[in-house]
Amino acid sequence: MKTCFISGITGQDGAYLARLLLDKGYTVHGGFRRISQAETVRLDKLGILSDVQLHEFDLADANNIFRTIGKVQAHEFYNLAAQSFVGASWEVPVYTSDVNAMGVLRILDSLRTLAPETRFYQASTSEMFGQVAEVPQRESTPFLPRSPYGVSKVFGHFITRNYRESFGMHASSGILFNHESPLRGTEFVTRKITLALARLARGGSEPCVLGNLDAKRDWGFAGDYVEGMWRMLQQDTPGDYVLATGVSLTVRDFANFVAEALGMKLDWNGVGIVEYAIDRKSGKRVIEVSERFFRPAEVDLLLGDPSKAAKVLGWKPRVSVQQLAEMMARADYEDLG
Ligand code: NDP
Ligand code: GDR
């Protein structure tokens, strides 16, 4: 029986990965942060809170990481913990860098000393492509990050590769494009839209206020993506893999899918900062735009090429972006009932 450690187990991906690995018979350990109240709601929602072993774990604390790694001695270590909200990374750039960049190094160096045979997964991101050098983006596409978050993740990516090359560690990076689910944090744009529109469908009147509606993203389902993470660590040799759907749509497109799933039909009016959408049936103002949600620098277009993952890992996403929007909209609508 294998043992794994998941940092960020309380987050969206951590919860889905924990469920997957429990189903595969792993003993699952996970790291949670010592904050005023530990956030275990996602593990609870999946019904697995009592099946996982939780440890206090903070990427900012090297001694804590060292002790935890020595204690657990996992076969596989998945580093999913991060300050993951791009928008916040301009507000807390030093913290974001410490956690997302130095945090990875703290783990790798502890593993090198205490558990060099442990297989390591690093949660890299399509945000590293930033001002994209080519379309679609693949493993060989140069990184041109556009946010403190993206810059910090580039360090995490390269230090993972460096420990692989320097010390022969089985360390892999998944360059994952946006993946969402009903467990997605409410500040990310997909969940912000599904929650706000579900409230409107339940009789509410507050419009969903968004930023850049023209941003294009390659959105998939988190449940599919954690399967890809696991497959990377089952390979004989470590490597870097893009996980994506190969379909890119605007924020506006995603909102249209959500509206449709909730029985609305959006009519869009105006452009730029004065754009808004009205539901043709109820006449309610459903979406508005505010400068507040624009970023100092934007990643305009992300579109991934997952063909290496398909070929080497046999990985394929199963849920389309339209099915994803429906799944999330329905879940929020039911929860509000
Ligand atoms: P979430 O924001 O849902 O989860 C992040 C997790 O990290 C939470 O468990 C959080 O704990 C934990 N965490 C935050 N700061 C620290 C810290 N200082 N020490 C220890 N734990 C910490 O993110 P996702 O599940 O969506 O993403 C998982 C990983 O994948 C992240 O690294 C993210 O950057 C990366 N990624 C995500 C993509 C996506 O589309 N979802 C795409 C590409 C990469 P707490 O519950 O206490 O806040
Ligand atoms: P992203 O996801 O930055 O791609 O990072 P997010 O959902 O925050 O933004 C996606 C795009 O939507 C635009 N947008 C808005 N975004 C938010 N959050 N709120 C709004 O009101 C809004 N209006 C428009 C954004 O400008 C952006 O272009 C996610 C995170 O999970 C990262 O951790 C991960 O690495 C990347 O995906 C891949």
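Everything below is about the structure printed above this text.
Residues numbered from 1 in each chain as written. Chains lettered and ligands numbered in written order. Predicted model: local features only at pLDDT ≥ 70, side-chain atom pairs only at ≥ 80, totals over all residues. Heavy atoms only, no water.

Visitor: Looking at this structure, how should I read the site of ligand 2?
Guide: Taken together, 23 residues are adjacent to ligand 2, and Ser84, Thr125, Tyr149, Arg295 and Glu298 come closest. The contact in question runs from an oxygen atom of ligand 2 to an N or O atom on the backbone of serine 84, over 2.6 Å. Here arginine 295 contributes a side-chain N or O atom positioned 2.6 Å from an oxygen atom of ligand 2. For ligand 2, whose accessible area on its own is 700 Å², the fraction buried by protein is 95%. Looking at the shell around ligand 2, the elements that each hand over two or more residues are helix H6 (189-201) and strand S8 (208-210). Residues of the shell around ligand 2, tallied by class, amount to 10 nonpolar, six polar and seven charged. A domain-level breakdown of the shell around ligand 2 finds at least three residues from each of domain 1 (3-181 + 222-246 + 301-318) and domain 2 (189-215 + 250-298 + 326-335). (Near = heavy atom within 4 Å. Polar contact = N/O pair within 3.5 Å; in protein donor to acceptor, adjacent residues only side chain to side chain. Areas by Shrake-Rupley, 256 points an atom, 1.4 Å probe, with all protein chains shown as cover. Helix = DSSP H or I, 4+ residues; strand = E, 2+ residues; numbered from the N terminus. Nonpolar A, V, L, I, M, F, W, Y, C, P; charged D, E, K, R; others polar. Domains from an automatic or database assignment.)

Visitor: Just checking my understanding: could you explain the nonpolar core for this structure?
Guide: One broad rule of soluble globular proteins: the nonpolar side chains tend to lie buried together. Counting residues in each nonpolar core, the largest one holds 63 residues, and the members touching the most others are Ile6, Tyr78 and Leu197. It is helix H7 (residues 222-233) that contributes the most residues to this core, seven residues altogether. Three or more residues apiece are contributed to this core by two domains, here domain 1 (3-181 + 222-246 + 301-318) and domain 2 (189-215 + 250-298 + 326-335). Not counting chain neighbours up to four residues away, the residues in contact with isoleucine 6 comprise Gly14, Leu17, Ala18, Leu21, Val28, His29, Gly30, Gly31, Tyr78 and Leu80. Core analysis: the second largest hydrophobic core is formed by 20 residues, Val99, Ile159, Tyr163 and Met169 among them. (Core = buried A, V, L, I, M, F, W, Y, C linked by side-chain atoms within 4.5 Å. Buried < 20%, exposed > 50% of the residue type's maximum accessible area, 1.4 Å probe, protein only. Contact = heavy atoms within 4.5 Å.)

Visitor: What am I meant to see in the site of ligand 1 here?
Guide: Taken together, 27 residues surround ligand 1, and among them Thr10, Arg33, Ser84, Tyr149 and Lys153 come closest. Side-chain polar atom of threonine 10 to an oxygen atom of ligand 1: 2.7 Å apart, as the coordinates give it. Within the contact set of ligand 1, a nitrogen atom lies 3.0 Å away from a backbone nitrogen or oxygen of leucine 59. Contact with the protein chains removes 91% of the 900 Å² of surface that ligand 1 exposes when unbound. Those elements giving two or more residues to the shell around ligand 1 turn out to be helix H1 (12-23), helix H4 (93-114), strand S5 (119-125) and helix H5 (148-167). Here the shell around ligand 1 takes three residues from S5, the largest share from any one element.

Visitor: What exactly am I supposed to notice about the sheet that holds strand S6 (residues 171-176) here?
Guide: Picture the strands of a sheet paired through backbone hydrogen bonds; they go either parallel or antiparallel. Pairing in this open sheet of seven strands is parallel, and the strands run S3-S2-S1-S4-S5-S6-S11 from one edge to the other. Strands at the two margins of the open sheet, each flanked by one partner only, are strand S3 (53-56) and strand S11 (240-243). Along the sheet, successive strands turn relative to each other by an average axial angle of 20°, direction set aside. Sitting on the sheet, H5 is in contact with S5, S6 and S11, with an inclination near 150° to S5. The strands touched by H7 within the sheet are strand S4 (76-79), S5, S6 and S11, with S6 carrying the most contacts at an inclination of about 155°. (Pairing = 2+ DSSP bridges. Axes fitted to C-alpha atoms, helices over the stretch in contact; angles between N-to-C directions.)

Visitor: Help me understand helix H8 (residues 251-261), please; the structure alone is not making it clear to me.
Guide: An α-helical turn contains 3.6 residues, so a residue and the one three or four places further along point in the same direction. Looking only at H8, the buried set comprises Val251, Arg252, Phe254, Ala255, Phe257, Val258 and Ala259. Considering only its buried residues, H8 is in contact with H6, S8, strand S12 (249-250), strand S13 (266-269), strand S15 (285-289) and helix H10 (321-335). Where H8 ends, the next residue or the one after it, glycine 263, has phi of about 80°, a positive value.

Visitor: Would you take a moment to explain H6 for this structure?
Guide: In a regular helix each residue adds 1.5 Å, so 13 residues correspond to 18 Å; H6 covers 18 Å between its end C-alpha atoms and thus fits that length. When you tally the buried positions in H6, you get 10 out of 13 residues, the bulk of the element. Along H6, the positions that sit buried rather than exposed are Thr190, Arg191, Lys192, Ile193, Thr194, Leu195, Ala196, Leu197, Ala198 and Leu200. Against strand S7 (179-180), S8, H8, S15 and H10 lie the buried residues of H6. (Expected span 1.5 Å × (residues − 1).)

Visitor: Explain the sheet that holds strand S14 (residues 276-279) here, please?
Guide: If you trace the four strands from one edge of the open sheet to the other, you get S8-S15-S14-S13, paired in mixed fashion. Two strands bound the open sheet, and with one partner strand each, they are S8 and S13. Averaged over all pairs of adjacent strands, the angle between their axes in this sheet comes to 20°, without regard to strand direction. Sitting on the sheet, H8 is in contact with S8, S13 and S15, with an inclination near 150° to S13.

Visitor: Please explain the packing of aromatic side chains as it appears in this structure.
Guide: Centre distance and the angle of the planes are the two values used to describe a pair of aromatic rings. Applying the stated criterion across every chain, the model contains 13 aromatic pairs. Residues phenylalanine 5 and phenylalanine 57 carry aromatic rings whose centres are separated by 5.1 Å and whose planes lie at 55° to one another, so their mutual orientation is tilted. Of this pair, phenylalanine 5 sits in strand S1 (residues 3-7) while phenylalanine 57 sits in the loop between S3 and helix H3 (62-72), and the two are 52 residues apart along the sequence. The exposure classification of phenylalanine 5 matches that of phenylalanine 57, with both residues buried. On the numbers, 6.0 Å between centres and 35° between planes, the contact of phenylalanine 77 with phenylalanine 120 is tilted. Of this pair, phenylalanine 77 sits in strand S4 while phenylalanine 120 sits in strand S5, and the two are 43 residues apart along the sequence. The class for phenylalanine 77 is buried, based on a relative accessible area of 2%. On the accessibility criterion, phenylalanine 120 (0% relative accessible area) is buried. In textbook terms, an aromatic cluster arises when at least three aromatic residues are bridged by ring pairs, as seen for Phe5, Phe57, Phe77 and Phe120. Taking the ring centre of phenylalanine 188 as reference, the NZ or CZ of arginine 184 above it sits at 3.9 Å. (Phe/Tyr/Trp six-rings, centres within 6.5 Å; stacked < 30°, edge-to-face > 60°. Lys NZ or Arg CZ within 6 Å of the ring centre and 35° of its normal.)

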